[in-house]
Amino acid sequence: MPNRPQPAFPEQDSEYFWEGCKKNELRYQKDSDGNVIFYPRAHSTITGDGNLSWHTSSGLGTVYTYSVVRQNRSPSFAELGAYSVAYIDLDEGFRMLSTIVGVDDPTTDIEIGMRVKVDFEQQDEGEYPVPVFRLVD
Amino acid sequence: MAQERKAAIGGIYEWPKRVDPSVSSMQIKAASIKAALDDAGLSWADVDGLYDAGDGEGGGGGLGLAAYLGMNPTVIDTTQVGGSSYEFHAAHALRDIASGKCKVAVTSYGSKAATLRTPIGTGGPRGGGTWLSNMENMYGSTLISNYAMVAQRHMHQYGTTTEQLAEISIATRAHAMRNPEAVQAMTDLQFVGVREISVNDVLESRVLADPLHLLECCMISDGGGAAVFVSPEVAADLKKKPVWILGSGEATKYRENDGDITVSAGAQSAPIAFQQAGITPEDIDIAMIYDSFTITVAVMLEDLGFCKKGEAGQFIADGHLRWDRPGLTINTDGGGLSSNHPGMRGLFLLLESVRQLRGESTSQVENAKLAVAHGNGGLLGATHTGGTVILAAD
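Model, not experiment: these values are computed from the prediction.

Cut-offs and rules
- Residues numbered from 1 in each chain as written.
- Chains lettered and ligands numbered in written order.
- Predicted model: local features only at pLDDT ≥ 70, side-chain atom pairs only at ≥ 80, totals over all residues.
- Heavy atoms only, no water.
- Helix = DSSP H or I, 4+ residues; strand = E, 2+ residues; numbered from the N terminus.
- Rg over C-alpha atoms; globule rule 2.2 N^0.38 Å.
- Buried < 20%, exposed > 50% of the residue type's maximum accessible area, 1.4 Å probe, protein only.
- Areas by Shrake-Rupley, 256 points an atom, 1.4 Å probe, with all protein chains shown as cover.
- Lys, Arg positive; Asp, Glu negative; His and termini not counted.
- Charge placed at Lys NZ, Arg CZ, Asp CG, Glu CD.
- Domains from an automatic or database assignment.
- Contact = heavy atoms within 4.5 Å.
- Buried area = accessible area lost by both parts, 1.4 Å probe.
- Salt bridge = Lys/Arg side-chain N within 4 Å of Asp/Glu carboxyl O.
- Polar contact = N/O pair within 3.5 Å; in protein donor to acceptor, adjacent residues only side chain to side chain.
- Nonpolar A, V, L, I, M, F, W, Y, C, P; charged D, E, K, R; others polar.
- Pairing = 2+ DSSP bridges.
- Phe/Tyr/Trp six-rings, centres within 6.5 Å; stacked < 30°, edge-to-face > 60°.
- Lys NZ or Arg CZ within 6 Å of the ring centre and 35° of its normal.
- Axes fitted to C-alpha atoms, helices over the stretch in contact; angles between N-to-C directions.
- Parallel < 35°, antiparallel > 145°, perpendicular 65-115°, else oblique.
- Left-handed = near helix turned anticlockwise from the far one by under 90°.
- Core = buried A, V, L, I, M, F, W, Y, C linked by side-chain atoms within 4.5 Å.

Caption draft 1: Representation of the overall build of chain A. Looking only at helices and strands, one finds three helices and eight strands in chain A. Starting at the N terminus and walking to the C terminus, you meet the elements of chain A as α-β-β-β-β-α-β-β-α-β-β. Against the globule reference of 14 Å for 137 residues, chain A gives a C-alpha radius of gyration of 16 Å, in line with a compact fold. For chain A, the C-alpha atoms occupy an extent of roughly 45 × 35 × 25 Å along the three principal directions. Classification of the 137 residues of chain A by burial places 48% in the buried group. A total accessible area of about 6,300 Å² is found for chain A, and carbon and sulfur atoms account for 43% of it. Charge centroids of chain A, computed over 12 positive and 22 negative side chains, lie 1 Å from each other.

Given below as structure tokens:
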């Protein structure tokens, strides 16, 4: 199993998001006007209003852009070999940084525009599964 | 709009060495300030404004630097917005000097990134437990991969190629080979091949984060320097001709749902600066653009208005970025790609602009009268800042 850095708490904005990951739910927010808010916060980035509601995403999205990291000196990633990082546009209208896993060769098998679905990746250490994405079809 | 000349850069200094274990960052800052004041013909006691990005051992910024220098400034500005901090300092100095708050202000930089082997581009997550790090640290995004994701999207959206982007590396290397300090830098940093480079050299260098190759990434060096900002009254009586700050613009941008990451904060800061300066991009003789990576320059050429969004690849493909060819010239000192990048390169954009407008560059563009310096701080494609400064010869 991978051993990615875990979120650290107390941290008041992202805690409910990560509690969702434990239940295999990818959670996002909307403000009272229906604007999608992400990353999690306690205020609307459109209006400043504090009245936000939580929703659960279908986990389906599209690759907006990506890169394949060939060199990372951080101990958590130094042993991984080449791995992808990507911005995923979720169908509900929010964009998140993540990674696309489960491909033979990330340098050739990923393209912008591909459809992906979230998967909650268990970690060697730490209680929070990390939302990653896999190609669909 | 009439051009107003309310503040100028009166003195500059660039630390000549790129690997220097014998000094501290604070020593580089202090010695550079002294040398820049000497360049202007001003004295230590003349300084009444201090701008600082919080670099140097201790990182004291407004609290620490004045004490170390032994100065008592009455304007203290510690704007820290990454590598573009020095464009912001120039902008604020223009504002503060124009309003009469100070007459002789300094900004300085010192860094030991090479000696300390700081993994600026390939380091891992920094600090956990914030609203942002809790959402991103787990994915192993490096500084380079942020820029790489912009390049990947730019290529997808507009058909930009590595062959086109390579022209930026080629031009800056050509300039570096004419700059003895840059040649020494590449030698001291053990570059493979201290010589002019070709498209093939770039294509054949290893990929650090797709699609960016090693020769599309800036070096990591020691270094530093200083600039002295002065009022028109002070500017009238300097050792050298002043370089006027005509206009400035500031902006920030970040990951946004539905945002276009091929557009940088520069698209917001540049028009503000050009409007204040009363000129257009067509009037510019020389552009100093933060070349952290090739893609940074390509995006900025578009956002500064030298070509339309998406057309940078074609704009640069004919090789005119070199000093000795007709058309827009960039980064005549060799840039971050081939002269120096201690971490926050924005200062050097101002310094080389001043050298060009004084006629002192090692790759001097004939009759250079108007320059733009555009710094990008932070992570292009993610949270970053853009600082645009328009400069004019006396």
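Caption draft 2: Structural context of the domain arrangement of chain A. Residue and element names in this part refer to chain A. Per the domain assignment, the segments of chain A are domain 1 (9–56) and domain 2 (58–137). Each of domain 1 and domain 2 has a C-alpha centre, and these two points are 21 Å apart. Contacts between the two partners involve 14 residues from domain 1, matched on the other side by 17 residues from domain 2. Interface of domain 1 and domain 2: buried area, both sides summed, is about 1,300 Å²; carbon and sulfur atoms make up 75% of it. For the pair domain 1 and domain 2, the interface holds one salt bridge. The salt bridge partner of Glu127 is Lys22, with a shortest N-O separation of 2.8 Å. Our count for the domain 1 to domain 2 interface comes out at three residue pairs in polar contact (both at pLDDT 80 or more). Considering every element that reaches the side of domain 1 that touches domain 2, the biggest residue donor is helix H1 (residues 15–22), with five residues. Partitioning the side of domain 1 that touches domain 2 into residue classes produces nine nonpolar, two polar and three charged.

Caption draft 3: Region of the structure containing the environment of A:Gly93. Mapped onto the fold, A:Gly93 is located in the loop between strand E5 (83–90) and strand E6 (95–98). Residue classification places A:Gly93 among the partly exposed residues on the basis of a relative accessible area of 34%. In this structure, the C-alpha to C-alpha distance between A:Gly93 and A:Asn72, residues 21 residues apart in sequence, is 30 Å. Leave out the neighbours within four places in its chain, and A:Gly93 touches A:Val36 and B:Asn257.

Caption draft 4: Molecular detail of the interface of chain B and chain A. Chain B puts 41 residues into the contact, and the matching count from chain A is 46 residues. Taken over both partners, the interface formed by chain B and chain A buries close to 3,500 Å², and the fraction arising from carbon and sulfur atoms is 57%. Together, B:Met135, B:Met138 and B:Tyr139 form the three largest contributors to the area buried by chain B at its contact with chain A, with a combined 22%. Counting every contact that joins chain B to chain A gives one salt bridge. Here chain B is connected to chain A by 23 residue pairs in polar contact (both at pLDDT 80 or more). Residues belonging to the side of chain B that touches chain A are distributed by class as follows: 14 nonpolar, 19 polar and eight charged.

Caption draft 5: Here's a closer look at the pairing of strand E7 (residues 115–121) of chain A. Residue and element names in this part refer to chain A. In this structure, strand E4 (residues 60–69) lies alongside E7, joined through three bridges in antiparallel fashion. Residue pairing in the sheet places Leu60 in a bridge with Lys117 of E7. With six bridges joining them, E7 and strand E8 (residues 130–135) adopt antiparallel strand pairing. Each bridged residue has a counterpart across the sheet, and for Val118 the counterpart in E8 is Phe133.

Caption draft 6: Structural detail: the pattern of salt bridges. Residue and element names in this part refer to chain A. Applying the stated rule across the entire model yields 27 salt bridges over all chains. Two residues, Arg27 and Glu25, come together in a salt bridge whose shortest N-O distance is 3.1 Å. With a shortest N-O distance of 2.8 Å, Asp119 and Arg134 are connected by a salt bridge. A residue pair is termed long-range when its members are at least 10 positions apart, and Asp119 in strand E7 and Arg134 in strand E8 qualify at 15 residues.

Caption draft 7: Structural detail: the packing of aromatic side chains. Evaluated as defined, the whole model comprises 13 aromatic pairs over all chains. Aromatic pair B:Tyr51 and B:Phe229: ring centres 6.1 Å apart, planes at 85°, arrangement edge-to-face. Of this pair, B:Tyr51 sits in strand E2 (residues 49–51) while B:Phe229 is found in strand E7 (residues 222–230), placing the two residues 178 residues apart along the sequence. Joined through ring pairs, the aromatic side chains of A:Phe9, A:Phe17, A:Trp18, A:Tyr28, A:Phe38, A:Tyr39, A:Phe94 and A:Tyr128 make up one cluster. In this arrangement the basic side chain of A:Arg95 is found over the ring face of A:Tyr64, its NZ or CZ atom lying 3.5 Å from the centre. Residue placement shows B:Arg255 over the ring face of A:Tyr39; its charged tip is 3.8 Å from the ring centre.

Caption draft 8: How the structure looks around the environment of B:Asn200. With respect to the helices and strands, B:Asn200 occurs in helix H8 (residues 199–204). Between the C-alpha atom of B:Asn200 and that of B:Asp96, which follows or precedes it by 104 residues, the distance is 48 Å.

Caption draft 9: Here's a closer look at the packing of helix H6 (residues 162–177) of chain B against helix H11 (residues 294–303) of chain B. Residue and element names in this part refer to chain B. In contact at an axis separation of 9 Å, H6 and H11 are set at 100° when each is read in the N-to-C sense. With respect to H11, the element H6 is oriented roughly perpendicular. Contacts between H6 and H11 involve Leu165, Ile168 and Ser169 from the first element and Thr294, Ile295, Val297 and Ala298 from the second. In the contact of H6 with H11, the residues fall into five nonpolar, two polar and no charged.

Caption draft 10: Structural context of the packing of helix H5 (residues 143–158) of chain B against H11(B). Residues and elements named next belong to chain B. Where H5 meets H11, the axes come as close as 9 Å, and the angle between the chain directions of the two elements is 60°. Overall, the two elements H5 and H11 adopt an arrangement that is oblique. Pair H5 / H11 crosses with left-handed handedness. Contact residues: H5 offers Tyr147, Val150, Ala151 and His154, while H11 offers Ile295, Thr296, Val299 and Glu302. Of the residues belonging to the contact of H5 with H11, the class tally is five nonpolar, two polar and one charged.

Caption draft 11: Examining the nonpolar core more closely. Within the largest apolar cluster, 110 residues are counted, with the highest numbers of intra-cluster contacts made by A:Leu26, A:Met96, B:Leu42, B:Ile168, B:Val230 and B:Ile295. It is H5(B) that provides the largest number of residues to this core, a total of eight residues. Apart from the residues lying within four places of it in its own chain, the contact partners of B:Leu42 are B:Leu37, B:Val104, B:Val228, B:Val230, B:Val234 and B:Leu238. In terms of nonpolar packing, the next biggest core, distinct from the first, is built from 36 residues, B:Ile12, B:Leu351, B:Leu357 and B:Ala373 among them.

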